[in-house]
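An overview of the molecular structure
Listed below, chain by chain, are the residues.
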Amino acid sequence: MLADDFEGRLENKDIEVSGRTVKRPIYEKNSNNKLGYETTYQKFDLSGLTTRSYSAGKNIEDRRGILTDLSNYSNIPSNVAFPEGSVCYIPVVTSERSFWAFNEKNKSGYATIDEWLDAAKQRSSDNRDHRTSQFGVGIGNQKQAAQVMFFEYDDQPAYEYSGVEYGKDVYEANYVAKGSTDPNTDSRFDVVDCTVVNEIAGDFLAEQIERYY
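Attention in this report is confined to the structure presented alongside it. What you see is a predicted model; the values in this text were computed from it and never measured.

This part covers helix 1 (residues 113–120). I113, W116, L117, A119 and A120 are the residues of helix 1 that are buried. Buried residues along helix 1 cover an arc of 165° about the axis, so they all sit on one side. At its buried positions, helix 1 is contacted by strand 12 (130–137), strand 13 (143–150), strand 14 (159–166) and strand 15 (169–176).

As structure tokens, this is what we get:
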């Protein structure tokens, strides 16, 4: 993770769990300092949803819908639907500071942050206005980052994309604001990540995988 004159990691240690809230501190690079970071998992109803609830598109910016593990198994028929009582849990994050988080799975395929930014500005499929910004992050603010904010349009919500250069790669990054941030729950404009599920949904997925594989 990167922030203004800050670099750190979210590691799998010193984790506290209470109900659906997980506390996982941020560890500053080359320091003993720790910052508060926690996630509370919000319920989202999956009943009746199928693989057609999610569209991967040709590029990462074209993704839309509700992403479940049904989309990871192409042999499962598209009319197979989650049963009643199926729930996923969407993370609501509270952080002591703002930062941009990413991992190896978030490599964008672009060579520079300028290339990423040019592509990100094309992600809106409607006629809404947008604002772009580029800035330094990390220790000494020597690493490059960029954001594209698309404004509200015809009563549709605003949405935002972020990217960072780290090493020799550009990553799609999740921006985490200081304080509490609400997750995306509107599948029309971005992906609703529903890969964390309850026992009913998990048993259903296991049954379908066993049946078709």
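So that's the structure; there's more coming.
It is worth spelling out helix 2 (residues 199–212) at this point. For helix 2, with 14 residues, the first-to-last C-alpha span of 20 Å sits near the 20 Å given by 1.5 Å per residue. Within the sequence span of helix 2, burial applies to A201, F204, L205 and Q208. The arc that holds the buried residues of helix 2, viewed along the axis, is 100°, so those residues lie on one side. In helix 2, those exposed residues whose orientation departs by more than 90 degrees from the buried face are E199, E207 and E210. As for helix 2, its buried residues are in contact with strand 10 (87–95).

Judged by nonpolar contacts, the single largest core of 15 residues is most densely connected at F44, L46, I66, F82 and C194. Mapped by element, the contributors of at least two residues to this core are strand 10 and helix 2. Here this core gets 3 residues from one element, more than from any other, and that element is helix 2. When neighbours within four sequence positions are excluded, L46 is seen to be in contact with I66, T68, F82, S86, V87, C88, C194, V197 and A201. If you look at the next biggest cluster of nonpolar residues, it comprises 11 residues, including L117, A120, V148 and F150.

Further remarks concern the environment of I15. Along the chain, I15 falls in the loop between strand 2 (6–10) and strand 3 (16–18). By relative accessible area, which is 37% here, I15 ends up partly exposed. Separated by 23 residues in the primary sequence, I15 and E38 have C-alpha atoms spaced 9.4 Å apart. The contact partners of I15, leaving out residues within four places of it in the chain, are V22, K23 and R24.

About the criteria used
- Residues numbered from 1 in each chain as written.
- Predicted model: local features only at pLDDT ≥ 70, side-chain atom pairs only at ≥ 80, totals over all residues.
- Heavy atoms only, no water.
- Buried < 20%, exposed > 50% of the residue type's maximum accessible area, 1.4 Å probe, protein only.
- Helix = DSSP H or I, 4+ residues; strand = E, 2+ residues; numbered from the N terminus.
- Arc of directions from axis to C-beta.
- Contact = heavy atoms within 4.5 Å.
- Expected span 1.5 Å × (residues − 1).
- Core = buried A, V, L, I, M, F, W, Y, C linked by side-chain atoms within 4.5 Å.

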